[in-house]
Amino acid sequence: MKKKENILIIKHGALGDLIQADGIFKSIRAKHKYANIVLMTSKNFLTLMIKSPYINDILIDNRLSFININFYINFFKRINQLNFSKIYDLQNSQRTYIYQKYFLRKSEWVTTKRKDHNVSGIMGLVEMLKKNGLETKDALKPNISWLTTNIKNILNENKIFSKYIVLLPGSSRKHKEKRWPFFGEFAKLLLLKNYQVVVILGPEELELEESMKGIIIFKNMKWSELTGVMKKSYFVIGNDSGPSHIASCLDINGLVLFGDSTSATRSGLKKSKFNTLEVNDLKKLSPDTVFKKMIENLKQI
């Protein structure tokens, strides 16, 4: 019996980039239907990516400093024992270049050689797959509905019964400039218009609770629970953050707000039902403008 081929995919993060690569993972799986596909990623994403239908196993790489010589000798000794026939480098970083040149030289590497695509990172990866003979019809259609779970108990416990709108007002502490400052006022506007509002706050965003209205959920939700709540929603509105990237890949209605710190086009968030709104200054973006954009988006569906 022929031994299974081992394939390695490297994608350390960030969360949004990892989620947007779902279609890429699907394309690689379609090319290697019967292979054992291992994903090398950060430990923060273990419980998230272990559920992917396109991945067989996870290899944790915490990206320690290279001064940890003994660690890396043992780390790559274990990896080389897996005898990966091919490595898809979706990270394309200086680190993975070092991995290729010094540690994993026996494997065939598929990489973009760290060149930035003029449209977006995900488009660069799609071109990389095309050049290497992979079918890419699903590469730009990430759909992580596989991550959702039954959230009936969460809805009942929080008395969420009608069509509800999910607000994602936070972002990481390192990038507070991505936060639209009027989510509290926007929540009030939605309530006045008889929408039920569900606000999801992460561990780094709890200080926003005082300014928000509606049903606030800030428990340590599992990825599948967070995804399930958004999947069942009427609409999702958020900043450029990890949860917004997740929402954009659920085939649901939504909108992400961008200021001048990042590019809506390069984010790859725009989908058939999911839109983006980009302005020069988030502080000048009014709740009325966002509401009108939401209604406009719903009418186009």
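Here's a quick rundown of the structure. For clarity, every value in this text was computed on a predicted model and none was experimentally measured.

**Looking at the packing of aromatic side chains**
The geometry of two aromatic rings is summed up by the distance between their centres and the angle between their planes. Applying the stated criterion across every chain yields a total of 16 aromatic pairs. Each ring, one from Y72 and one from F76, has its centre 6.0 Å from the other, and the planes form 20°; the classification is stacked. Taken as a pair, Y72 and F76 lie in helix α4 (residues 69-81) at a separation of four residues, close to a single helical turn. Seen in terms of ring centroids, W180 and F183 are 5.0 Å apart; in terms of plane orientation they differ by 75°. Their pairing is edge-to-face.

**Overview of the pairing of strand β9 (residues 235-239)**
In regular strands, side chains alternate between the two faces of the sheet. Counting buried residues in β9 gives five out of five residues, a clear majority hidden from the surface. Neither face of β9 is exposed, since F235, I237 and N239 on one face and V236 and G238 on the opposite face are all buried. By the bridge criterion, four bridges tie strand β6 (residues 164-168) to β9 in an arrangement that is parallel. Paired with I165 across the two strands is F235, which belongs to β9. In this structure, β9 lies alongside strand β10 (residues 254-258), joined through four bridges in parallel fashion.

**Quick look at the pattern of salt bridges**
Summed over the entire model, instances satisfying the criterion amount to six salt bridges. For K137, the salt bridge goes to D138, with nearest N and O atoms at 3.2 Å. Residue classification places K137 among the exposed positions, given a relative accessible area of 54%. Of the charged contacts in the structure, one is a salt bridge between K273 and D251, with a shortest N-O distance of 4.0 Å. Here K273, found in the loop between α11 (264-267) and β11 (274-278), pairs with D251, found in the loop between α10 (242-248) and β10; they are 22 residues apart in sequence, far enough to count as distant. With a relative accessible area of 28%, K273 lands in the partly exposed category. When salt bridges with common partners are traced through the structure, they connect K26, K137 and D138 into a single cluster.

Calculation criteria
- Residues numbered from 1 in each chain as written.
- Predicted model: local features only at pLDDT ≥ 70, side-chain atom pairs only at ≥ 80, totals over all residues.
- Heavy atoms only, no water.
- Phe/Tyr/Trp six-rings, centres within 6.5 Å; stacked < 30°, edge-to-face > 60°.
- Helix = DSSP H or I, 4+ residues; strand = E, 2+ residues; numbered from the N terminus.
- Buried < 20%, exposed > 50% of the residue type's maximum accessible area, 1.4 Å probe, protein only.
- Pairing = 2+ DSSP bridges.
- Salt bridge = Lys/Arg side-chain N within 4 Å of Asp/Glu carboxyl O.

By themselves these figures say nothing about function.
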